[in-house]
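Chain and residue survey
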Amino acid sequence: MSRNPLPECLLEMNYFRLLLEEYKQIMNNPNIVVFKPTAVQEKWYGFDQSFISTTNSNPQIADDIRGFIHNDKKISEPIYQAVFLQFKVVDRMQRRSARRPPSFVTPYYRSELYLDRNKDTGLSQHETLLRISRLENGETHYVCPMIFSIEDVRRTPATSDLQVVDIRTAPSGWVTTEKHAICFQTPQSAPVWCSDPIPGESLTWKQVVERLTDLSEDEVFSLITEAKSIKQSSGDFSKLMLQSAESEPNPLDGSMVVFAREA
C-alpha cells in the first residue's frame with residue numbers, strides 16, 4: 001500500500017472555497033449558511049462541513065441537526081436545502097490482499113470508513129452519516145479527492161479531482177466489528193462498497209447540488225393543480241398571468257416556465 005501523505009484536514013481546506021462558490025452559483029443564492037462542526041463537536045455530526053439554505057441561525061442549525069440525528073427530533077424551522085460532506089483520504093493499493101474486491105486488479109484505490117462506535121454518542125461516524133442522510137431536501141456524501149502528493153495540493157483545485165459518493169447507496173447491516181471501505185479501480189471509475197463488493201454511486205459536485213434544485217413529484221403535481229384552478233376560475237389564463245405580473249411579484253422561481261393550452 002502506498003499511504004497517502006495528505007491529511008484529511010488539508011484535503012478539506014484545499015477544496016472548501018471551490019465547493020462553496022460553485023454551490024452558491026448553482027443555487028443562485030449568495031446567502032448560504034456554512035456549518036462546520038469543531039473537532040470536539042464532529043463526533044455528534046459525522047460530517048466535516050455543510051452548506052445550508054435556511055432562515056435559521058448557525059447555533060439553531062447545530063441544535064436542530066444534532067437533535068435530528070440522535071433523538072429523531074423534527075427540525076424546528078425548514079432547512080430548505082443542505083449538503084453534508086465528509087472528506088476521506090484515498091490510498092493507492094499496490095499489493096494483493098484478502099480485502100481486494102474480487103474483480104479488481106492492482107493498483108486500485110481504497111478509502112477506509114470509520115465504523116468504530118464512539119463512546120459518547122454510541123454511534124460510528126458511518127452510522128451518524130446514514131442517519132443525517134434521511135433529512136428531507138438534504139444530500140450526504142463522502143468526498144474522496146483523487147490527489148496523492150503535496151504537489152497536487154499546490155496546483156489549483158478542481159472539482160474533477162473529486163469522487164463524491166452518495167452514502168445512501170451504502171449497504172445496510174454493517175456492524176462496528178467489521179472493516180469496510182470505498183474502493184475504486186481507477187481514480188475515475190465508479191465506487192464499490194466493500195468488504196462485500198456492492199456498486200455505489202459517484203456524482204460530480206454539480207450533479208449533487210443540482211439534485212437539490214429538482215422539484216419533487218408532489219411539488220410538480222401541486223403546481224399543475226394550482227394552474228388548473230387558476231384557469232377554471234378565470235376563463236382567461238394568459239390575461240390573469242399578465243395582470244398578476246403587473247400587480248405583484250411572480251411567486252414562481254425565475255427559472256421555471258409554465259406551458260398552458262386552452263381547452
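Look a little higher up for the structure.
Along each chain, the written sequence defines residue order, and numbers are assigned to residues from 1. Predicted model: local features are reported for residues with pLDDT of at least 70 only, side-chain atom pairs are reported and counted for 80 or more only, and whole-chain, interface and lining totals are derived from all residues. Hydrogens and waters are ignored; side-chain quantities use all the structure's heavy atoms.

1. Regarding unusual backbone geometry
Of note, the amide linkage connecting Thr106 to Pro107 takes the cis form, showing an omega dihedral of -5°. Along the chain, Pro107 turns up in the loop between β4 (91–93) and β5 (108–112). Located in the positive-phi region is Asp72, a residue other than glycine, with phi close to 55°. Strands here mean DSSP runs of E at least two residues long; helices mean DSSP runs of H or I at least four residues long; both are numbered from the N terminus. Assignment of secondary structure puts Asp72 in the loop between α3 (58–71) and β3 (79–87).

2. Concerning the sheet that holds strand β1 (residues 33–35)
By the convention used here, strands pair only if DSSP detects at least 2 bridges between them. One open sheet holds the six strands; their spatial order is β1-β2-β3-β6-β7-β11, and the pairing between them is mixed. Each edge of the open sheet is held by one strand with a lone partner, namely β1 and β11 (202–203). Where strand β7 (residues 162–166) and β11 come together, two bridges link them in antiparallel fashion. Paired with Val164 across the bridge in β11 is Leu203. Lying on the sheet, helix α1 (residues 8–27) is in contact with β1, β2 (49–54), β3, β6 (138–145) and β7; it crosses β3 at an angle near 155°. In this analysis, two residues are considered to be in contact whenever any of their non-hydrogen atoms come within 4.5 Å of each other. All axes here are fitted lines through C-alpha atoms, helices being fitted over the stretch that makes contact, and every angle between N-to-C directions spans 0 to 180 degrees.

3. A short note on the sheet that holds β4
Pairing in this open sheet of five strands is antiparallel, and the strands run β4-β5-β8-β9-β10 from one edge to the other. The sheet terminates laterally at β4 and β10 (198–199), the two strands that pair on one side only. As paired elements, β4 and β5 share three bridges and run antiparallel to each other. Counterpart to Met93 in the pairing with β5 is Tyr108.

4. Concerning the nonpolar core
To qualify as a nonpolar core, a set must consist of buried Ala, Val, Leu, Ile, Met, Phe, Trp, Tyr and Cys residues joined through side-chain atoms within 4.5 Å. Here the term buried applies to any residue with accessible area under 20% of the maximum for its type, exposed to any over 50%, and partly exposed to those in between, with areas from a 1.4 Å probe on protein chains only. Counting residues in hydrophobic clusters, the biggest one holds 32 residues, and the most contacted among them are Ile52 and Ile65. Elements represented by at least two residues in this core include exactly β1, α2 (42–45), α3, β3, α4 (125–132), β6 and β8 (181–184). Residue contributions to this core peak at five residues, all from α3. Once you skip the residues sitting within four places of it in the chain, Ile52 turns out to touch Tyr23, Ile32, Val33, Phe35, Ile61, Ile65, Ile79, Gln81, Ala82 and Phe84. The next biggest cluster of nonpolar side chains, apart from the first, holds 23 residues, and it includes Leu11, Tyr23, Leu162 and Val208.

5. Looking at α3
Compared with an ideal rise of 1.5 Å per residue, which puts 14 residues at 20 Å, α3 spans 19 Å between its outermost C-alpha atoms and is within 8% of the ideal. For α3, the full list of buried residues reads Ile61, Ala62, Asp64, Ile65, Gly67, Phe68, Ile69 and His70. The secondary structure elements touched by the buried residues of α3 are β1, α2, β2, β3 and α4. Here, expected helix span is obtained from the residue count minus one, scaled by 1.5 Å.

6. Here's the deal with the packing of aromatic side chains
Centres within 6.5 Å are what make two rings of Phe, Tyr or Trp a pair, Trp counting through its six-membered ring; a difference in plane orientation under 30 degrees is then read as stacked, over 60 as edge-to-face, and the rest as tilted. Inspection of every chain in the model, using the stated rule, returns eleven aromatic pairs. Relative to Trp205, the ring of Tyr23 has its centre 6.5 Å away and its plane inclined at 35°; by these criteria the two rings are tilted. Of the two residues, Tyr23 sits in helix α1 while Trp205 sits in helix α6 (residues 205–213), which places them 182 residues apart along the sequence. Here the two residues Tyr23 and Trp205 agree in accessibility, since each one is buried. Judged by centre distance (5.9 Å) and plane angle (75°), the rings of Phe35 and Phe47 are edge-to-face. A residue pair is termed long-range when its members are at least 10 positions apart, and Phe35 in strand β1 and Phe47 in the loop between α2 and β2 qualify at twelve residues.

7. Thoughts on the pairing of β3
Counted residue by residue, β3 has seven buried out of nine residues, so it is predominantly covered. Pairing geometry for β2 and β3, over six bridges, is antiparallel. Within β3, the position partnered with Phe51 by the bridge is Val83. Of the strand pairs in this sheet, β3 and β6 are connected by six bridges, and their pairing is parallel. Bridging from a neighbouring strand, Val83 pairs with Glu139 of β6.

8. Observations regarding the packing of α3 against α4
In helix packing, the relevant descriptors are the interaxial angle and the interaxial distance, both defined with respect to the helix axes. Close contact between α3 and α4 brings their axes to 9 Å; oriented N to C, the two are set at 110°. The orientation of α3 with respect to α4, classified from their angle, is roughly perpendicular. The residues of α4 that touch α3, namely those facing Ile65, Phe68, Ile69 and His70, are Thr128, Arg131 and Ile132. Classification convention: Asp, Glu, Lys, Arg as charged; Ala, Val, Leu, Ile, Met, Phe, Trp, Tyr, Cys, Pro as nonpolar; all other residues, Gly among them, as polar. Of the residues that constitute the contact of α3 with α4, the class distribution is four nonpolar, two polar and one charged. With respect to orientation, any angle under 35 degrees is reported as roughly parallel, any angle over 145 as roughly antiparallel, any angle of 65 to 115 as roughly perpendicular, and every other angle as oblique.

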